[in-house]
Amino acid sequence: MPTINTYITSFQKGQFEHFDDFYRLTNKQVFFTLKKYINDLMLIEDLMQEVYMKFLNKIQDIDISKQVISYLTTMARNLAIDHLRKTQPVTFDEIKVYHALDLHQIDKDYLWLLNHLKAEDKDIVYMHVIESMTFKDIAIIIDKPLGTVLWRYQNAMKTMKEVMKNESKKTT
């Protein structure tokens, strides 16, 4: 049975006759990644189609020495998060992340606060605080060392605290 890397290599050569086999090999991971974020099965199917279309559009950029499944699941996660951001804004009151920030209860909009962070730092904070993912899982998903993920999270927390301190000074 061919490996995922064999399929990727043939796709990069423009040979897509075994795409169904590749899909059967990878679709469960993509499905369950999307299912963590989205409950609507029809929407999950649409997003799965979008994941695989984007994947095929980027097939020439895929490095077969990397984890292709991680690449697909990261794409799925990002699509799901983007969809949720567009359709369901999240607020501090709903998430109760003030314990992670070591501040008094914060009434500011959570997305406003996250917008002060770099994109990757925003994802790390979102996955850890909101999705309750471990730093180890986050490191695997974003393909960064665990130490880097921890460092970026700590820096993001410092940045968010500073933003909140500056904002509270403005209001007093």
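As a reminder, the structure under discussion sits directly above these lines.
Residues numbered from 1 in each chain as written. Predicted model: local features only at pLDDT ≥ 70, side-chain atom pairs only at ≥ 80, totals over all residues. Heavy atoms only, no water.

1. Here's the deal with the packing of helix H2 (residues 19–35) against helix H3 (residues 41–57)
One can describe the packing of H2 onto H3 by two numbers: an axis separation of 10 Å at closest approach and a directional angle of 125°. In terms of orientation, H2 and H3 fall into the oblique class. For the crossing formed where H2 meets H3, the hand is right-handed. Residues Phe-19, Phe-22, Tyr-23, Thr-26, Asn-27, Val-30, Phe-31, Leu-34 and Lys-35 of H2 touch H3, and the partners they reach there are Leu-41, Ile-44, Leu-47, Met-48, Val-51, Tyr-52, Phe-55 and Leu-56. The class makeup of the residues in the contact of H2 with H3 is 14 nonpolar, 2 polar and 1 charged. (Axes fitted to C-alpha atoms, helices over the stretch in contact; angles between N-to-C directions. Helix = DSSP H or I, 4+ residues; strand = E, 2+ residues; numbered from the N terminus. Parallel < 35°, antiparallel > 145°, perpendicular 65-115°, else oblique. Left-handed = near helix turned anticlockwise from the far one by under 90°. Contact = heavy atoms within 4.5 Å. Nonpolar A, V, L, I, M, F, W, Y, C, P; charged D, E, K, R; others polar.)

2. Observations concerning the pattern of salt bridges
On inspection of all chains with the given rule, the structure shows 4 salt bridges. Salt-bridge contacts for Asp-21 lead to Arg-24; the nearest nitrogen and oxygen are separated by 2.7 Å. Of the two residues, Asp-21 and Arg-24 are both situated in helix H2; the distance of 3 residues between them amounts to about one turn of the helix. Arg-24 sits in the exposed class, given a relative accessible area of 52%. The partner of Arg-152 in a salt bridge is Asp-121, with the nearest N and O atoms 2.6 Å apart. Taken together, the positions of Arg-152 in helix H10 (residues 146–171) and Asp-121 in helix H8 (residues 119–130) put the pair 31 residues apart, joining distant regions of the chain. The two residues Arg-152 and Asp-121 agree in class, both being buried. Three or more residues joined by partner-sharing salt bridges are found here, namely Glu-120, Asp-121 and Arg-152. (Salt bridge = Lys/Arg side-chain N within 4 Å of Asp/Glu carboxyl O. Buried < 20%, exposed > 50% of the residue type's maximum accessible area, 1.4 Å probe, protein only.)

3. Some thoughts on the side chain of Thr-33
Turning to its location among the elements, Thr-33 is positioned in helix H2. Under the relative-accessibility criterion, Thr-33 is labelled buried at 11%. Leave out the neighbours within four places in its chain, and Thr-33 touches Thr-73, Ala-76 and Arg-77.

4. Topic: the side chain of Arg-152
Taking relative accessible area as the criterion, Arg-152 reaches 18% and is therefore assigned buried. The residues touching Arg-152, leaving out its near neighbours within four places in the chain, are Lys-118, Glu-120, Asp-121 and Ile-124.

5. Looking at the nonpolar core
If you look at the biggest cluster of nonpolar residues, it comprises 48 residues, and the most contacted ones within it are Ile-8, Phe-22, Phe-55 and Val-125. Elements supplying a minimum of two residues to this core: helix H1 (4–12), H2, H3, helix H4 (68–87), helix H7 (110–114), H8, helix H9 (135–142) and H10. Broken down by element, the residue count for this core peaks at 8 residues, all from H4. (Core = buried A, V, L, I, M, F, W, Y, C linked by side-chain atoms within 4.5 Å.)

6. Some remarks on the packing of H2 against H4
At a minimum axis distance of 9 Å, the contact between H2 and H4 shows a crossing angle of 40°. When the interaxial angle is binned, H2 and H4 end up oblique. The element H2 and its partner H4 pack so that their crossing is right-handed. Across from Phe-22, Thr-26, Gln-29, Val-30, Thr-33 and Leu-34 in H2, the residues of H4 making contact are Val-68, Ile-69, Leu-72, Thr-73, Ala-76, Arg-77 and Ala-80. When the residues that make up the contact of H2 with H4 are grouped by side-chain class, the tally is 8 nonpolar, 4 polar and 1 charged.

7. A look at the layout of surface pockets
A volume near 280 Å³ is recorded for the largest pocket. In this structure, the largest pocket is lined by Asp-61, Ile-62, Asp-63, Lys-66, Gln-67, Val-68, Ser-70, Tyr-71, Thr-74, Ile-140, Ile-141 and Asp-143. It is H4 that contributes the most residues to the lining of the largest pocket, 4 residues altogether. Residue composition of the lining of the largest pocket, grouped by class: 5 nonpolar, 3 polar and 4 charged. (1 Å grid on protein atoms, 1.4 Å probe; cavity = no way out; pocket = protein on both sides within 12 Å on 5 of 7 lines; lining within 4 Å. Points joined across faces, edges and corners; volume = space filled by probe spheres on them.)

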